[in-house]
Amino acid sequence: MSQSLAGKTALVTGGSRGIGRSIAERLAKEGALVALTYNASKHGAEETVAAIEKAGGSAFAIHADLVDVESVPDLFTRLDDEFTQRKESTALDLLINNAGNSGWGGLTDATPDSWNTMFAVHARAPFFIVQSALSRLSDGGRIVNVSSGAASRPMQAVPVYSMAKASINNLTHALAMELGPRGITVNAVAPGWVRTDMNAAVRENSDMTAAIEADTALGRFGEVSDIAAVVAFLASDESRWVTAQVIEASGGYKL
């Protein structure tokens, strides 16, 4: 079977569970050497690496608390060391900004600390990760930011999360202009409702589940593999003429 990413290196933030894990596994399946970051879920990261290696791929995990902006330089120091040992180069071909934290919390119960934490992970961290990656990114490389359908259709229940994801869409456009001369494409994938642990409580409510599915053209919740497939396309050479796009992968939610 041909591997579209053979010989490539990839960094997937938040790759220990959910959408991030599926992305890491898919990129490794396509032949990339995958570095994935985790914060609280060390066990999940180890499981992800083990699953990738069992399937014949290559991966390793690095701890990074992206609430702390000072963790970014240390992340790249360790990434350089790992890539040098494994590839004799610090070059990074694919950067997937996926890490996130729970977005639940409305206007009345938000606090400055919760607001800062949300923006630290969803907006500030991707910006400074790209900044640190600039000298390592290969010409012709790929950046894919994981956004959300809530960025363009804000949800009353998660206003801070919606704002943070809107920031990622704006950053995607700015980076595409900045990095285009190097042949680096920058795109965002905006999932709709996907089966992850972050929305488990929603899916336990049969009325809410039925309403969401009724509002979705394809009639179901997305699977993490649905999102990983779009990311894999954007990471491949097949997407070479696609940049500055926010691609909603929601099954047609609220058309």
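For the structure itself, consult the block above.
Residues numbered from 1 in each chain as written. Predicted model: local features only at pLDDT ≥ 70, side-chain atom pairs only at ≥ 80, totals over all residues. Heavy atoms only, no water.

A. Looking closely at the packing of aromatic side chains. Under the definition given, this model contains four aromatic pairs. Aromatic side chains Phe127 and Phe128 sit 5.1 Å apart centroid to centroid with 75° between the ring planes, which places their arrangement in the edge-to-face category. For Phe128, a relative accessible area of 28% corresponds to the partly exposed category. (Phe/Tyr/Trp six-rings, centres within 6.5 Å; stacked < 30°, edge-to-face > 60°. Buried < 20%, exposed > 50% of the residue type's maximum accessible area, 1.4 Å probe, protein only.)

B. Fine view of the pattern of salt bridges. For the structure on display, the rule yields twelve salt bridges. Between Arg26 and Glu30 there is a salt bridge whose closest N-O contact spans 3.2 Å. Classification of Glu30 as buried rests on a relative accessible area of 15%. The partner of Arg136 in a salt bridge is Asp80, and the shortest N-O contact between them spans 2.8 Å. Taken together, the positions of Arg136 in the loop between α4 (112–133) and β5 (137–146) and Asp80 in helix α3 (residues 71–87) put the pair 56 residues apart, joining distant regions of the chain. Classification of Arg136 by relative accessible area gives buried; the value is 18%. Each of Arg21, Glu25 and Glu47 takes part in one network of salt bridges that share partners. (Salt bridge = Lys/Arg side-chain N within 4 Å of Asp/Glu carboxyl O. Helix = DSSP H or I, 4+ residues; strand = E, 2+ residues; numbered from the N terminus.)

C. Representation of the environment of His63 within the structure. Within the secondary structure layout, His63 lies in strand β3 (residues 58–63). A relative accessible area of 34% places His63 in the partly exposed class. Sequence-wise, His63 and Met177 are 114 residues apart; in three dimensions their C-alpha atoms are separated by 31 Å. If near-sequence neighbours (up to four positions away) are discounted, His63 is found in contact with Tyr38, Asn39 and Arg78. Among the polar contacts made by the side chain of His63, one reaches the side chain of Asn39 at a distance of 3.3 Å. (Contact = heavy atoms within 4.5 Å. Polar contact = N/O pair within 3.5 Å; in protein donor to acceptor, adjacent residues only side chain to side chain.)

The values are spatial; any link to function lies outside them.
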